Amino acid sequence: MKKLYVVLAVCLLWACQVTTAGAEGFALTEWSSRGLSLAGGMVGRADDPSAIAYNAAGITQLPGTHVMGGFAAIAPMGTIDLDLADGSHTSTTTKPHIWAAPHAYITHQMNDRFWLGLGLFSRFGLGNEFADNWTGRYNLTNINFQTFSLVPTVALKVNDVLSLSAGVEIMHASFAMGQQIPSMQYIGYIPSRGEDSKMTLNGTGWGVGAPAGGALAHDRRAVAGLFLQKSGHAQYRRFGGFFPAS
């Protein structure tokens, strides 16, 4: 029987493999302190209620009622070196900022088979700001992108090995971007360069997704997890993992 579980876990991981990898960009995975320390390797773990964000099927391992909250402080910093067409060289460093990514969760065991969960966290975020007179000011001077997700979830313990979950993710997004616009002024009939004007673009929106998860546990010595999500634009995200259980 133990060999069967190992084979199932290997098949699950094989099904979750990816052929390409790239930078996360504005994706956030700072949904708990434990998840941050494990580099997001929480799909197969359910040590705390943050499993709602990683793989809600794991909350069936949490007896009774659990509440958790906190935030991650993100301080992006970067330097852009430019070689200009006239042969000169410039270097620009972004302004220092600290961005907070809060999270809060609650799980409750209804009976021996059903669990309820509610999570509030951010899946995406980005922020940076440059000096108003930097070389690329006509493309970008500042950007701020934030999302907050509210995720009610129900999890079912099918048996001692298999657990499943399904929920609804309601996401609010806000976006702001600024850039400088060159302007001209006339002194008499002679045109000359005027002061730059600042343009700011703002936007907000709502989105709905349908997360689902599954977990296979064997005597809490090993857990395999699978998390799927479908957004309103039919885009899929899938994460898989196999980790020793604590």
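Residues numbered from 1 in each chain as written. Predicted model: local features only at pLDDT ≥ 70, side-chain atom pairs only at ≥ 80, totals over all residues. Heavy atoms only, no water.

Observations concerning the overall build of the protein chain
If you tally the helices and strands in the protein chain, you get 3 helices and 14 strands. Relative to its full complement of 246 residues, the protein chain shows a buried share of 33%. Contacts spanning at least 24 positions in sequence make up 59% of the contacts within the protein chain whose residues lie at least 6 apart. Of the accessible surface of the protein chain, which amounts to about 14,400 Å², a share of 63% is contributed by carbon and sulfur atoms. (Helix = DSSP H or I, 4+ residues; strand = E, 2+ residues; numbered from the N terminus. Buried < 20%, exposed > 50% of the residue type's maximum accessible area, 1.4 Å probe, protein only. Contact = heavy atoms within 4.5 Å. Areas by Shrake-Rupley, 256 points an atom, 1.4 Å probe, with all protein chains shown as cover.)

Brief notes about the confidence of the model for the protein chain
Chain-level pLDDT for the protein chain is 79 on average; 77% of the residues reach the 70-or-more range. Per-element averaging of pLDDT across the protein chain places strand β14 (residues 236-244) at the bottom with 44 and strand β5 (residues 114-121) at the top with 95. A low-confidence stretch, residues 18-24 (pLDDT under 50), is modelled with 1 contact involving residues beyond four sequence positions or located in other chains. Under a pLDDT of 50 for its full length, residues 233-246 has, in the predicted model, 47 contacts with residues more than four places off or in other chains. (pLDDT = per-residue confidence, 0-100.)

Points about the side chain of Thr107
Positionally, Thr107 belongs in strand β4 (residues 99-109). Assessed through its relative accessible area of 1%, Thr107 is described here as buried. Ignoring anything within four residues of it in the chain, the contact list for Thr107 reads Pro49, Ile52, Ile59, Leu62, Gly64, Thr65, His66, Leu116 and Gly117.

Remarks on the packing of aromatic side chains
Inspection of every chain in the model, using the stated rule, returns 4 aromatic pairs. Ring geometry for Tyr105 and Phe121: centres 6.0 Å apart, planes at 35°, overall tilted. Of this pair, Tyr105 sits in strand β4 while Phe121 sits in strand β5, placing them 16 residues apart in sequence. Each member of the pair Tyr105 and Phe121 is classed as buried. The ring of Trp31 carries Arg123 above its face, with NZ or CZ at 5.0 Å from the centroid. (Phe/Tyr/Trp six-rings, centres within 6.5 Å; stacked < 30°, edge-to-face > 60°. Lys NZ or Arg CZ within 6 Å of the ring centre and 35° of its normal.)

What to know about the environment of Ser91
Tracing the sequence through the fold places Ser91 in strand β3 (residues 89-93). Given the relative accessible area of 47%, Ser91 is considered partly exposed. Between the alpha carbons of Ser91 and Ile80 there is a distance of 5.6 Å; along the sequence they are 11 residues apart. The residues touching Ser91, leaving out its near neighbours within four places in the chain, are Thr79, Ile80 and Asp81. A distance of 2.8 Å separates the side chain of Ser91 from the side chain of Asp81, its partner in a polar contact. (Polar contact = N/O pair within 3.5 Å; in protein donor to acceptor, adjacent residues only side chain to side chain.)

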